[in-house]
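Spelled out, the chains give:
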Amino acid sequence: MYRQKEIKTEELKIKDGIIVIGSDIHIPFQDNKAVNAFVEYCADIQPIAIVLNGDVLDFYKLSRFVKGEGRNPYEEITACQSLLKDLKAKCPKSQIYYVIGNHETRLQTYVLNNAPHLASLVEDVFTIIKTEEVGVKGCAEVVINDNFVCTHGKLLGNKAGLSAIKEIEKHYMSGASGHTHRLAKFLTRKAKRKFVWLETGCLCDLNPEYVQDPDWQQGFAVVQFEKGKLKRAEVLEIENGEVL
């Protein structure tokens, strides 16, 4: 049986610096004002690293949930490439990571289900997007200083913060996740250790055609390290294209 090339976790060691984490752009359902606010924030502060924490692409036409007119995956990929190039051009010294999300996995799933004999042509989604050509590292997760993880996330809750609680219990470390399209910061203390988890919101349209009245918030996360330790971890809301 053909197996996709393993997408690995990246490990990042930071003594002092800021990392900006955004997720759930869902091209072609992105909110251009929100995406621009995220990119310009990164350009202003020039973080040591930027993490695109999954679901940058939607792959709408490849979903088994498709309703209505589909989108062309090639057009989505081209738009994604343009975004990555723009982000890298405006933040040339920032390390940029692209964490795989559940929507990125739609490509391989579709091929395996509908054209398994062609599966060997799809090495992995990041090869298709050509992330390395623009200096972006595709990965499964990003682990920072062995105690903070950026992951797209799989554990849902029906309110902001509930996913964060589940992710802390799963990983037993601090971190940030997307997937829920909600903004939240959850703090707890276990075995004399402090944990913080951020739900990083989304950068997509808050009123897309495929869902009614979603409880979503636009925004992203900022984490800061000093002397190798987590100093700051916050979520920032975006409203009408402005970072609040």
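Heads up: the structure comes first, above all this text.
Note that the structure is predicted; figures quoted are calculated from it, not measured.

Engineer: Please clarify how the overall build of the protein should be interpreted in this entry.
Structural biologist: Regarding its fold elements, the protein presents five helices and 13 strands. Accessible surface, the protein as shown: approximately 12,600 Å² in total, 48% of it carbon and sulfur.

Engineer: Explain the packing of aromatic side chains to me, please; I cannot follow it from the model alone.
Structural biologist: We describe a pair of aromatic rings using the distance from one ring centre to the other and the angle between the two ring planes. Inspection of the entire model under this criterion finds six aromatic pairs. Aromatic side chains Tyr41 and Phe220 sit 5.0 Å apart centroid to centroid with 55° between the ring planes, which places their arrangement in the tilted category. With Tyr41 in helix H1 (residues 32-45) and Phe220 in strand S11 (residues 219-226), this residue pair connects regions lying 179 residues apart in the sequence. Among the aromatic residues, ring-to-ring pairing joins Phe38, Tyr41 and Phe220 into one connected group.

Engineer: Please explain helix H2 (residues 73-90) as it appears in this structure.
Structural biologist: Since one α-helical turn is 3.6 residues long, residues separated by three or four positions face the same way. The first and last C-alpha atoms of H2 sit 26 Å apart over 18 residues, in line with the 26 Å expected at 1.5 Å per residue. Of the positions making up H2, those classed as buried are Glu76, Ile77, Cys80, Leu83, Leu84 and Leu87. End-on, the buried residues of H2 take up no more than an arc of 120°, which puts them together on one face. Across from the buried face of H2, at angles greater than 90 degrees, the exposed residues are Tyr74, Glu75, Lys85 and Ala89. Summarising the contacts, the buried residues of H2 are in contact with H1, strand S3 (49-52), strand S4 (95-99), helix H4 (125-129) and strand S5 (136-139). For H2, the capping residue at the N-terminal end is Asn72, with a side-chain oxygen 2.8 Å from the backbone nitrogen of Tyr74.

Engineer: I keep staring at the pairing of S11 and nothing clicks. Help me out?
Structural biologist: Burial within S11 is extensive, with six of its eight residues counted as buried. Two strands pair when backbone bridges link them, and strand S2 (residues 17-22) and S11 are joined in this way by five bridges, in the antiparallel orientation. When the sheet's bridge partners are listed, Val20 is paired in S11 with Val222. Sheet topology note: the S11/strand S12 (residues 229-239) ladder contains eight bridges and is antiparallel. Considered in S12, the bridge of Glu226 is made with Lys229. Hairpin remark: S11 followed by S12, antiparallel, with two residues in the connecting loop; positive phi at Lys227, about 55°.

Engineer: What should I look at first to understand the sheet that holds strand S13 (residues 242-243) in this one?
Structural biologist: Within a sheet, adjacent strands bond to each other through the backbone by hydrogen bonds, running parallel or antiparallel. The seven strands lie next to each other as S5-S4-S3-S2-S11-S12-S13, forming an open sheet whose pairing is mixed. Two strands bound the open sheet, and with one partner strand each, they are S5 and S13. Lying over the sheet, H1 contacts S2, S3, S11, S12 and S13, oriented at roughly 170° with respect to S2. H2 rests against S3, S4 and S5 of the sheet, and its axis sits at about 155° to S4.

Engineer: Before we go on, may I ask you to explain the side chain of Thr131 in this structure?
Structural biologist: Checked against the element boundaries, Thr131 lands in the loop between H4 and S5. Dropping the residues within four chain positions of it, Thr131 is found in contact with Leu84, Tyr98, Phe126, Val136 and Gly138.

Engineer: Help me understand the sheet that holds strand S1 (residues 10-12) in this model?
Structural biologist: In spatial order, the strands read S1-S6-S7-S8-S10-S9; together these six strands make up an open sheet with mixed pairing. Of all strands in the sheet, those bounded by a partner on one side alone are S1 and strand S9 (183-190). This sheet shows a mean twist of 15° between the axes of neighbouring strands, independent of strand direction. Pairing of strand S6 (residues 142-144) with strand S7 (residues 148-151) involves three bridges; the strand directions are antiparallel. Each residue of the ladder has a partner; that of Val143, found in S7, is Val149. Along the sheet, helix H5 (residues 162-171) makes contact with S7, strand S8 (174-177), S9 and strand S10 (193-200), crossing S10 at roughly 130°.

Calculation notes
- Residues numbered from 1 in each chain as written.
- Predicted model: local features only at pLDDT ≥ 70, side-chain atom pairs only at ≥ 80, totals over all residues.
- Heavy atoms only, no water.
- Helix = DSSP H or I, 4+ residues; strand = E, 2+ residues; numbered from the N terminus.
- Areas by Shrake-Rupley, 256 points an atom, 1.4 Å probe, with all protein chains shown as cover.
- Phe/Tyr/Trp six-rings, centres within 6.5 Å; stacked < 30°, edge-to-face > 60°.
- Expected span 1.5 Å × (residues − 1).
- Buried < 20%, exposed > 50% of the residue type's maximum accessible area, 1.4 Å probe, protein only.
- Arc of directions from axis to C-beta.
- Contact = heavy atoms within 4.5 Å.
- Polar contact = N/O pair within 3.5 Å; in protein donor to acceptor, adjacent residues only side chain to side chain.
- Pairing = 2+ DSSP bridges.
- Axes fitted to C-alpha atoms, helices over the stretch in contact; angles between N-to-C directions.

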